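Below, each chain spelled out in residue letters.
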Amino acid sequence: MWVIMKGDKEIVGTLRGFDVYVNMVLEDVTEIEDTPEGKKLTKLDQILLNGNNIAMLVPGAKPDYL
Amino acid sequence: MADAAGTGMSTGVSKTPAEFLKAIKGKAVLVKLNSGVDYRGILACLDGYMNIAMEQTEEYVNGQLKNKYGDAFIRGNNVLYISALSKSS
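The rules we used
- Residues numbered from 1 in each chain as written.
- Chains lettered and ligands numbered in written order.
- Predicted model: local features only at pLDDT ≥ 70, side-chain atom pairs only at ≥ 80, totals over all residues.
- Heavy atoms only, no water.
- UniProt positions renumbered as here; feature names shortened; annotations may be inferred.
- Helix = DSSP H or I, 4+ residues; strand = E, 2+ residues; numbered from the N terminus.
- Buried < 20%, exposed > 50% of the residue type's maximum accessible area, 1.4 Å probe, protein only.
- Contact = heavy atoms within 4.5 Å.
- Areas by Shrake-Rupley, 256 points an atom, 1.4 Å probe, with all protein chains shown as cover.
- Rg over C-alpha atoms; globule rule 2.2 N^0.38 Å.
- Lys, Arg positive; Asp, Glu negative; His and termini not counted.
- Charge placed at Lys NZ, Arg CZ, Asp CG, Glu CD.
- Buried area = accessible area lost by both parts, 1.4 Å probe.
- Salt bridge = Lys/Arg side-chain N within 4 Å of Asp/Glu carboxyl O.
- Polar contact = N/O pair within 3.5 Å; in protein donor to acceptor, adjacent residues only side chain to side chain.
- Phe/Tyr/Trp six-rings, centres within 6.5 Å; stacked < 30°, edge-to-face > 60°.
- Lys NZ or Arg CZ within 6 Å of the ring centre and 35° of its normal.

As named in an unreviewed UniProt entry, chain B is Sm domain-containing protein, taken from Chlamydomonas incerta.

Taking an unreviewed UniProt entry as the reference, chain A is identified by name as U6 snRNA-associated Sm-like protein LSm5 belonging to Chlamydomonas incerta. Annotation of chain A in UniProt includes, under Subcellular location (unreviewed entry), the sentence "Nucleus". The UniProt entry for chain A carries this comment under Sequence similarities (unreviewed entry): "Belongs to the snRNP Sm proteins family."

Here's what the structure looks like:
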């Protein structure tokens, strides 16, 4: 699952669960900050991503540079 | 139709946000805020609004800034994500 957030940030991970607010639990997550195009923080385990900032969800895809 | 989102997706091991929150209490976590500031610490407790109470919190902006010990409280409003950490470095 490729998650695009408001404000030039993207998250790629495996969707484990979600709720009615589209808060999402993602596993094996790579976080991509897009300002100078290149800050990547890879975090394992699981994250709970706040649905507040999510703009778009692209299932079954990842960005080319990954 | 409104029910589907809450119940339809869960498989045998439910890892909905509610389950996740129960599972990580007491664990080392990294909390990122909308502002981009990172906080690493041990999750004491949290609620449905993503308000967080943590212990032994360290604040990272680009390098390491403030160190907080004892309890830190973060208003859920500002939380971008909560990540479970297997080891806090």
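Let's pick the thread back up.
In this section: the overall build of chain B. Per the secondary structure count, chain B includes two helices and six strands. Taken across its 89 residues, chain B has 39% of its residues classed as buried. Residue pairs at least 24 apart in sequence account for 39% of intrachain contacts in chain B once pairs closer than 6 positions are excluded. By element, 52% of the accessible surface of chain B is carried by carbon and sulfur atoms, the whole surface being about 5,200 Å².

What follows deals with the overall build of chain A. When you go through chain A residue by residue, the secondary structure sums to zero helices and five strands. Walking chain A from its N terminus toward its C terminus, one meets helices and strands in the order β-β-β-β-β. Whereas a compact globule of 66 residues would reach a radius of gyration of roughly 11 Å, chain A reaches 11 Å, a difference of no more than 12%. C-alpha atoms of chain A, sized along the principal axes, occupy 35 × 20 × 20 Å. Here chain A, with 66 residues, has 47% of them falling under the buried criterion. Partitioning the intrachain contacts of chain A with sequence separation of at least 6 by distance along the chain shows that 45% fall at a separation of at least 24. Put simply, chain A shows about 3,500 Å² of open surface, and 52% of that area lies on carbon and sulfur atoms. Of the side chains in chain A, 7 bear a positive and 11 a negative charge, and the two mean positions are spaced by 1 Å.

For the rest of this paragraph, the subject is the interface of chain B and chain A. Across the contact, 21 residues belong to chain B and 23 residues belong to chain A. Taking both sides of the interface into account, the surface hidden between chain B and chain A amounts to around 1,800 Å²; carbon and sulfur atoms contribute 62%. For the interface between chain B and chain A, the tally reads two salt bridges. The partner of B:Lys32 in a salt bridge is A:Glu33, and the shortest N-O contact between them spans 3.2 Å. Taken together, chain B and chain A are joined by eight residue pairs in polar contact (both at pLDDT 80 or more).

Under the definition given, this model contains zero aromatic pairs over all chains. Positioned above the aromatic ring of B:Tyr81, the side-chain terminus of A:Lys43 is 4.5 Å from the ring centre. Between the NZ or CZ atom of B:Arg40 and the centre of the ring of B:Tyr60, over which it lies, the distance is 5.4 Å.

This part covers the pattern of salt bridges. Inspection of every chain in the model, using the stated rule, returns seven salt bridges over all chains. Salt-bridge contacts for A:Glu31 lead to A:Lys43; the nearest nitrogen and oxygen are separated by 3.5 Å. Here A:Lys43 lies in strand β4 (residues 39-49) and A:Glu31 lies in strand β3 (residues 24-33), a separation of 12 residues in the sequence. With respect to burial, A:Glu31 and A:Lys43 carry one shared label: buried. Where salt bridges share partners, they join A:Lys9, A:Glu31, A:Glu33, A:Lys43 and B:Lys32 into one cluster.

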